Amino acid sequence: MLHSLEQQRCTRLKPPRILFVVWTDPLYIAGRETFTSDLFDICGVRNAASVSGWPQYSLESLIASPPDLLLYPDRSVSRAQIDALVARAKLRCEVVAVDENVFVRPGPRMAEAAAALNRIVDRWERSH
């Protein structure tokens, strides 16, 4: 697993700021010092959250520091819930659903999550 993760390690010239939303109302996110933030580090992107852990996050914080990309788990959060959050915060970022089974559980599939995240970010970089 560690070898596979290391193969996904990237350095990016302009790393996008990514926010991983785990719930929308109330808003919960993956902050720093989480396995999700470790995944972001491996893929050469920055966590848009400045807080640690899995906190409830204020709409004001989201508005004050909007992400370039917003990711959310595809099973526990619906696109309608994300669209409502994006509208409330008046965000202008790309929104991407990710495989919840791969992205929310630390373990052997982290390399798969890193590969998927690299594909998402590579696609985002080509369009910006």
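Conventions we followed
Residues numbered from 1 in each chain as written. Predicted model: local features only at pLDDT ≥ 70, side-chain atom pairs only at ≥ 80, totals over all residues. Heavy atoms only, no water. Salt bridge = Lys/Arg side-chain N within 4 Å of Asp/Glu carboxyl O. Buried < 20%, exposed > 50% of the residue type's maximum accessible area, 1.4 Å probe, protein only. Helix = DSSP H or I, 4+ residues; strand = E, 2+ residues; numbered from the N terminus. Axes fitted to C-alpha atoms, helices over the stretch in contact; angles between N-to-C directions. Parallel < 35°, antiparallel > 145°, perpendicular 65-115°, else oblique. Left-handed = near helix turned anticlockwise from the far one by under 90°. Contact = heavy atoms within 4.5 Å. Core = buried A, V, L, I, M, F, W, Y, C linked by side-chain atoms within 4.5 Å. Pairing = 2+ DSSP bridges. Right-handed = clockwise from strand over helix to strand, strands pointing away.

K.L.:
Outline the pattern of salt bridges, supporting the account with residue identities and numerical values.
P.N.:
The full count for this structure, using the stated rule, is 7 salt bridges. Linking R9 and E6 is a salt bridge whose minimum nitrogen-to-oxygen distance equals 2.9 Å. We classify R9 as partly exposed; its relative accessible area is 45%. In this structure, D99 engages R75 in a salt bridge whose closest nitrogen and oxygen atoms are separated by 3.1 Å. Placement of the pair is D99 in the loop between β5 (94-98) and α5 (100-103) and R75 in the loop between β4 (69-73) and α4 (79-89), with a sequence separation of 24 residues. In this structure R75 comes out as exposed when scored by relative accessible area, which is 54%.

K.L.:
Let's hear about helix α2 (residues 35-42): which residues, and what values?
P.N.:
Among the 8 residues that make up α2, 6 are buried, leaving the element largely enclosed by the rest of the structure. Along α2, the residues that are buried comprise F35, T36, S37, L39, F40 and I42. Downstream of α2 by a residue or two, G44 has a phi angle that is positive, lying close to 75 degrees.

K.L.:
Describe the packing of α2 against helix α6 (residues 110-127), naming the residues involved and giving the relevant values.
P.N.:
Where α2 meets α6, the closest approach of the two axes is 10 Å, and the angle between their N-to-C directions is 55 degrees. Here α2 is positioned oblique relative to α6, judged by the angle of their axes. Viewed along their axes, α2 and α6 form a crossing whose handedness is right-handed. For the pair α2 and α6, the contacting residues are F35, L39 and F40 in the first and M110, A113, A114 and L117 in the second.

K.L.:
Run through the nonpolar core, naming residues and quoting values.
P.N.:
Counting 25 residues, the largest nonpolar core has I18, L39, L71, F103 and L117 as the members making the most contacts within it. Going through the elements one at a time, β1 (17-24), α2, β4, β5, α5 and α6 are the ones with two or more residues in this core. Apart from the residues within four sequence positions on either side, L39 is in contact with F103, M110, A113, A114 and L117. Membership of the second largest hydrophobic core comes to 18 residues, among which are L19, L62, Y72 and V95.

K.L.:
Could you give an account of the pairing of β5, naming the residues involved and the relevant values?
P.N.:
Sheet topology note: the β4/β5 ladder contains 5 bridges and is parallel. Looking at β5, one finds that L69 is bridged to E94. In the classification by handedness, the crossover that spans β4, the intervening α4 and the parallel β5 is right-handed.

None of this, on its own, says anything about what the molecule does.
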